[in-house]
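Chain residues, written in single-letter form:
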Amino acid sequence: MNPLVKKETKLNISEILVANEKDLRPYIEILNFTPENVIHSQMGSLLGVFEIKDDHEDSAYIVNFLSSVAKKEYFSNPKRPAEVNFESALNKINLALSEIAKHGNIEWLGKIDIAICAIEKNNIYFSVTGNARIILAREQTLMDITQGLSPKGEPYPLRTFSDTASGKLKNGDKMIITTGDIFKILSLPEIEKRAFSFTQENFAQFLKTALINELEIAGALIMDVSEISAPRPEIISEEKDPEEKLLENFNAFSEKTFKENAISLSDNRSGQSEKKLKENSFWEKPETKKEYIDKKTGHIYVQGETRPTESGEDLIARFSWLFIAKEKISDWLSHLINEIKIKFSEKVSLLISSLKNFKDFSGEKITRAKDNVLIKLKNKIGQETEEIPVHKPLHLKINGDFWKKFLPDIVRIKEIFLKMDYNHKIYAFLILAAILIFPLVAMKIKNKSGSSPSGDTPVIQENFSGNENLTQEKNIKFVEISMIHSQPDLLGQVFINEKLFAIGKREVIEIINGQKREFGLAPEMGNITSFTLMKDLNLIFFLSDNQKILSFSPLSKKFREDNIQLPENSNISALAVYLTYIYLADSESGQIYRYPRAEGGFGEKTAWLRENIDMKNVSDMAIDGDIYLVNGDSLLKFSSGKKQDFNLEESSTPINFNKIFTNDETEFIYVLDKINGRVIKFSQEGKIITQYGHEKIKEAKSFFVDEKSSRIYTATTNSELISFSL
């Protein structure tokens, strides 16, 4: 083989989706996703077929939700190995189904079929549940490679996916990812016969025709694997050790491997732990598992023999900064286009206003012209009419042919329209629609650009009323305040799917386009003292004054008390979430406890800090991978349970740390200094980027930053929810 040429795996994928009735479409979904982003594209493709065999209204679109959850989680962290991301995606699906079941939606239990796989280079990781199957056709042999993977026994949401398997693809492989419905009309021998005798296109067409004609609902993905040659970077390769050579030649899908391990496969049960499965499974070479520890949070992931290298061996990885720069430029262009759109809408609004003024200016002339025509008609007919005030036109000469020149000839237009062919009539209609609709669209754009994310129109605008201490500060920006909402005992707010939820001591209020719906706590739940949002599950978690952890789902609109074992005599002073973990800062023990999400609440706690910290004055906590604590007059940063050297740039006016905001989706770190009436935006390195000042900020008791909409929201001591622009 030419040393400058390497082989790359190419996938030819055909989708088959059958839903012969429109009402069946929400109950089946096909996932076939490869990201366009160059960094994420190195993670490969995610494929799957999702079906729920239940036509209950509450089960509709669950499959669409699950496919979105899997896609989001798998591509969430390009630095992790593909296997770890795939297992994390399956775990996230289990948790999502568990949350759905907790809120009373259980009609789908035992009726869900899912086959899902991730393909990274020539590696494949897969799992199934229910009657879904993945069939491999290789070297004139057809085999079901998912035997024993689907959990047995009573359905249990957190064990929807309990086992995974993996292998390597070869040139010429064909895979069928499908639900079990296909076997109602075709046997494995029938599928095998046509898989090897038909071309790729004809085989896909054969299956599609069979499924459409025989089944009401079905789905399948047909994947054909081939290899293409690509230039190989000229690098000096090191001699591989014997174990690496063995892995390179190892074929998890070979017929020999399949036969040798058939007994082992049949012995697998849903109750086995994942570790035990992998020790017994023929899909992977038995090996000693190592642990990959996230450097920031200390999350532990079990993975294969070696962690993927991040060295410069791969040309794309070596120059990844170019692709990051490309993304930054793309974001900048998107922002620029948005600004142009806003400016354009302002110009359209100005034009509409000018036309209105012109109408008012010329209205008198038009009235005079109309009166003159009526006078002429009166004289011509010679009849008495009511007295009409007459205004002699000053400069506008009106004669009898004026209206003929001014108004269109309806008869002529009708004749022309009837002579048009079908296409010309369509074009004429579109042009007329554009003329009539364009002003409405322009006004809609203007209204949208000026609205807040919650759909509310700002009620008040206040200019900065003068904090002279800040006028000489670095990068100071005095902002205008918009009031969004007010309610007694307001604590703050969160946004879930662009819907605003205001949080009070005793209730949550959903605000959509000015319409408000209130959901109250049961008396025994106590009063809310603090809250946080778990975006991965779309749940709001609360800490009550009786040291209970509560949750609220925007889907069921219900509160529930979560099962969680808090340490005895604990005093939880702050809480925050990261992924599906909740972190509680206990000022009594000086420890941060991490709890994983589990059935009915949270699992066993882990002491996250690895050193003793005085946490008596902790008032707030935020997590972006690292953990930040507001502790008295200082801001502390921790990584992997250990305190880090973190020095923020000082300002002319000493900073008072009251609250902090950051998460894994924000680029900056934000600090609330209510004493000086400002919010300070820091870089990740601790440099001051911008300071936002207003007298109203002195009343803030919590704040939230939405970098996507470039706004900051604060809840004040006067129970007002206000916002201002970044």
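Each value, and the rule that gives it
- Residues numbered from 1 in each chain as written.
- Predicted model: local features only at pLDDT ≥ 70, side-chain atom pairs only at ≥ 80, totals over all residues.
- Heavy atoms only, no water.
- Buried < 20%, exposed > 50% of the residue type's maximum accessible area, 1.4 Å probe, protein only.
- Helix = DSSP H or I, 4+ residues; strand = E, 2+ residues; numbered from the N terminus.
- Pairing = 2+ DSSP bridges.
- Axes fitted to C-alpha atoms, helices over the stretch in contact; angles between N-to-C directions.
- Contact = heavy atoms within 4.5 Å.
- pLDDT = per-residue confidence, 0-100.

## Points about the pairing of strand 34 (residues 669-673)
Part 1 of the reasoning: Extensive coverage of strand 34 is indicated by the burial of five of its five residues.
Part 2 of the reasoning: Across the two faces of strand 34 the burial is the same, with Ile669, Val671 and Asp673 and Tyr670 and Leu672 all buried.
Part 3 of the reasoning: Pairing analysis gives five bridges linking strand 34 to strand 35 (residues 678-682), with the strands arranged antiparallel. Bridge pairing links Val671 to Ile680 in strand 35.

## Regarding the sheet that holds strand 20 (residues 528-534)
Part 1 of the reasoning: If you walk across this open sheet you meet the four strands as 20-21-22-23, and the pairing is antiparallel. Edge positions in the sheet fall to strand 20 and strand 23 (558-561), since each of these pairs with one other strand and no more. Geometrically, the sheet is characterised by an average inter-axis angle of 25 degrees between neighbouring strands, direction not taken into account.
Part 2 of the reasoning: Here strand 20 runs beside strand 21 (residues 539-544); their pairing, made up of six bridges, is antiparallel. Paired with Ser530 across the bridge in strand 21 is Leu543.

## Points about the sheet that holds strand 3 (residues 45-52)
Part 1 of the reasoning: With respect to topology, five strands assemble into an open sheet ordered 2-3-4-5-8, the strand pairing being antiparallel. Of all the strands in the sheet, just strand 2 (28-33) and strand 8 (165-168) have a single pairing partner and so form its edges. Along the sheet, successive strands turn relative to each other by an average axial angle of 10 degrees, direction set aside.
Part 2 of the reasoning: As paired elements, strand 3 and strand 4 (residues 112-120) share eight bridges and run antiparallel to each other. The residue of strand 4 that forms the bridge with Leu47 is Cys117.
Part 3 of the reasoning: Contacts from helix 2 (residues 62-74) reach strand 2, strand 3 and strand 4 within the one sheet, and its direction differs from that of strand 3 by about 160 degrees.

## What about the side chain of Thr716?
Part 1 of the reasoning: Assignment of secondary structure puts Thr716 in strand 38 (residues 711-716).
Part 2 of the reasoning: On the accessibility criterion, Thr716 (0% relative accessible area) is buried.
Part 3 of the reasoning: In this structure, Thr716 is in contact with Leu490, Lys696, Glu699, Ala700, Lys701 and Ile722, ignoring residues within four places of it in sequence.

## Points about the side chain of Glu510
Part 1 of the reasoning: Along the chain, Glu510 turns up in strand 18 (residues 507-512).
Part 2 of the reasoning: Residue contacts for Glu510: discarding those within four places in its chain leaves Lys499, Leu500, Phe501, Gln515, Lys516, Arg517, Phe519 and Lys557.

## So, the confidence of the model for the chain
For residues with low pLDDT, the predicted coordinates do not support detailed interpretation.
Part 1 of the reasoning: Per-residue confidence for the chain gives a mean pLDDT of 75, with 68% of residues at or over 70.
Part 2 of the reasoning: Confidence over residues 232-252 falls short of pLDDT 50; this stretch has 32 contacts with residues more than four positions distant or in other chains.
Part 3 of the reasoning: Per-residue pLDDT stays below 50 along residues 299-328; that stretch engages in 55 contacts with residues further than four places along the chain or on separate chains.

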